Amino acid sequence: DIELAIKVVIVGNGGVGKSSMIQRYCKGIFTKDYKKTIGVDFLERQIEIDGEDVRIMLWDTAGQEEFDCITKAYYRGAQASVLVFSTTDRASFDAIKEWKRKVENECNEIPTVIVQNKIDLIEQAVVSADEVETLAKMLNCRLIRTSVKEDINVASVFRYLATKCHQL
Ligand code: GDP
Ligand code: MG
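Let me begin by describing the structure that accompanies this report. (Residues numbered from 1 in each chain as written. Chains lettered and ligands numbered in written order. Predicted model: local features only at pLDDT ≥ 70, side-chain atom pairs only at ≥ 80, totals over all residues. Heavy atoms only, no water.)

Here we come to the packing of aromatic side chains. According to the stated counting rule, one finds four aromatic pairs in the structure shown. Each ring, one from Y25 and one from F158, has its centre 4.5 Å from the other, and the planes form 35°; the classification is tilted. With Y25 in helix α1 (residues 18-27) and F158 in helix α6 (residues 154-167), the pair connects residues that are 133 residues apart, well separated along the chain. Sitting above the plane of the Y25 ring, R45 keeps its charged end 4.4 Å from the centroid. The residue whose ring lies beneath K102 is W99, and the NZ or CZ to ring-centre distance is 4.3 Å. (Phe/Tyr/Trp six-rings, centres within 6.5 Å; stacked < 30°, edge-to-face > 60°. Helix = DSSP H or I, 4+ residues; strand = E, 2+ residues; numbered from the N terminus. Lys NZ or Arg CZ within 6 Å of the ring centre and 35° of its normal.)

What follows concerns the nonpolar core. If you look at the biggest cluster of nonpolar residues, it comprises 53 residues, and the most contacted ones within it are V8 and F158. Residue contributions to this core peak at seven residues, all from α6. Discounting chain neighbours no more than four positions away, the residues touching V8 are I56, M57, L58, W59, A80, S81, V82, F158 and L161. (Core = buried A, V, L, I, M, F, W, Y, C linked by side-chain atoms within 4.5 Å. Buried < 20%, exposed > 50% of the residue type's maximum accessible area, 1.4 Å probe, protein only. Contact = heavy atoms within 4.5 Å.)

So, on to the environment of G51. Among the secondary structure elements, G51 is positioned in the loop between β2 (42-49) and β3 (52-59). Judged by its relative accessible area of 57%, G51 is exposed. C-alpha of G51 to C-alpha of Q124: the two residues are 73 residues apart in sequence and 41 Å apart in space.

Here we come to α1. By the criterion of burial, α1 is predominantly enclosed, with nine of the 10 residues buried. For α1, the full list of buried residues reads K18, S19, S20, M21, I22, Q23, R24, Y25 and C26. Once α1 ends, the next one or two residues include G28, with phi positive near 75°.

Turning next to the pattern of salt bridges. For the coordinates displayed, the defined rule picks out eight salt bridges. Linking R90 and E131 is a salt bridge whose minimum nitrogen-to-oxygen distance equals 2.9 Å. Residue R90 is located in helix α3 (residues 90-94), and its partner E131 is located in helix α5 (residues 129-138); the two are separated by 41 residues in the primary sequence. One salt bridge connects E98 with R101, and the closest N-O pair in it is separated by 2.6 Å. (Salt bridge = Lys/Arg side-chain N within 4 Å of Asp/Glu carboxyl O.)

Note that every value here comes from positions in space, so none of it alone points to a role or purpose.
Here you go:
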């Protein structure tokens, strides 16, 4: 039986890989042209933390982030958040502070990870390792570098957050 169910919101600019990350983690697939399934608000996966079953519900957006109109309903009841930017998209990195502020506005202080996605494209990086680490420290968030494409570190993001929530 499930001891704990955690709603996790995943925010960041369009194109950074949020939907891909949810598909990867919950369905084990990666497709180049992911289209949101109409009517599906979230996908879930069950994992074990300290011998207890934890259900992780990952909430996706339908592209509203591009128009800055994510509704309050999206954030409601979230217990953890993921702030995603892309290694190859400078604007998405610059927007992380603002995403942190939005989550804080709606959810107060919840366990949060900053994800630098697309590290498989590190040769095309437009942010330095230093500035990423500095930002993570400043915002007091764990930093995890992922490649959804190569399936690197994706599970660690949610294991870390579930463990944090489990300890609260
Ligand atoms: P969203 O707008 O944040 O939901 O981003 P999507 O999940 O739709 O992904 C945008 C594009 O980035 C898609 O073409 C994905 O296939 C691609 N993508 C996602 N993650 C990665 C990754 O880790 N590496 C690479 N190279 N491409 C990725
Ligand atoms: Mg998406």
